[in-house]
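Analysis of the macromolecular model
Each chain, letter by letter, is given below.
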Amino acid sequence: MTKLETAKSMAQAHKDFEPNLTNVYLVEPIAESDPEEPVKLLEVVDGTIERGIEPLTFAADPAHGREYVSVIIEVSPREFEAVLSGKLTFPRPSWKLGQELALQVAA
């Protein structure tokens, strides 16, 4: 599974678990060829506590389908607007907001 496929799978799994998750974005670079570069997601969650950008890192867990280290950044809708306007920035200058990942709503 590629990093992009992993990101999409993680985004959907998080949506299935967290009903207040409204949007998930890839944080680039994704660096498919660099095994040291984690899969990074920015998750917009309505009602989350506003803490700014606090990346949470999770180890790879191949036994459970996570081939890569992953980083999750959870923000409120208001914090997301601050990311878009540049008032709230990622901890590494090389990290940029990437594409939105499509989420399916469970029936």
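Computed from a predicted model, the values in this text were never measured in an experiment.

Glancing now at the pairing of strand S4 (residues 70-75). Consecutive residues of a regular strand have side chains that alternate between opposite faces of the sheet. Across the 6 residues of S4, 5 count as buried, placing the element largely inside the fold. Note: strand S2 (residues 39-45) against S4, 6 bridges, orientation parallel. Directly across from Val39, in S4, lies its bridge partner Ser70. With 3 bridges joining them, strand S3 (residues 56-58) and S4 adopt antiparallel strand pairing.

With that settled, consider the packing of aromatic side chains. Taken as a whole and judged by the stated rule, the model has 1 aromatic pair. Consider the rings of Tyr25 and Phe80, whose centres lie 4.8 Å apart with planes at 20°: the pair is stacked. In this pair, Tyr25 is assigned in strand S1 (residues 21-28) and Phe80 in helix H2 (residues 77-85), connecting sequence segments 55 residues apart. Note on accessibility: Tyr25 and Phe80 belong to one class, buried.

Moving on to the sheet that holds strand S5 (residues 96-101). A sheet is described by the order of its strands in space; here 5 strands give the open sequence S3-S4-S2-S1-S5, paired in mixed fashion. The open sheet is flanked by S3 and S5, the only strands paired with a single partner. Strand-to-strand twist across the sheet, computed as the mean angle between neighbouring axes with direction ignored, equals 30°. For S1 and S2, the ladder comprises 5 bridges, and the chain directions are antiparallel. Counted as the bridge partner of Val24 is Glu43 from S2. Sheet contacts for helix H1 (residues 3-17): S1, S2, S4 and S5; angle to S2, the most-contacted strand, approximately 25°.

Here we take up the environment of Glu79. By the secondary structure assignment, Glu79 is in helix H2. Measuring from C-alpha to C-alpha, the distance between Glu79 and Gly52 comes to 6.8 Å, with 27 residues separating the pair along the chain. Apart from residues lying up to four places away in sequence, Glu79 is in contact with Ile49, Glu50, Arg51, Gly52, Glu74 and Leu88. A distance of 2.9 Å separates a polar atom in the side chain of Glu79 from the backbone nitrogen of Arg51. A polar atom in the side chain of Glu79 sits 2.8 Å from the backbone nitrogen of Ser76.

The next thing to look at is H2. Residues of H2 that are buried include every one of Glu79, Phe80, Ala82 and Val83, and no others. Viewed end-on, H2 has its buried residues packed into an arc of 155°, placing them on one side of the element. Of the surrounding elements, those touching the buried residues of H2 are S1, S2, S4 and S5. Positioned one or two residues after H2, Gly86 has a phi angle of 90°, which is positive.

Rules of the game
Residues numbered from 1 in each chain as written. Predicted model: local features only at pLDDT ≥ 70, side-chain atom pairs only at ≥ 80, totals over all residues. Heavy atoms only, no water. Buried < 20%, exposed > 50% of the residue type's maximum accessible area, 1.4 Å probe, protein only. Helix = DSSP H or I, 4+ residues; strand = E, 2+ residues; numbered from the N terminus. Pairing = 2+ DSSP bridges. Phe/Tyr/Trp six-rings, centres within 6.5 Å; stacked < 30°, edge-to-face > 60°. Axes fitted to C-alpha atoms, helices over the stretch in contact; angles between N-to-C directions. Contact = heavy atoms within 4.5 Å. Polar contact = N/O pair within 3.5 Å; in protein donor to acceptor, adjacent residues only side chain to side chain. Arc of directions from axis to C-beta.

Honestly, that's just the spatial picture; any functional story needs more than this.
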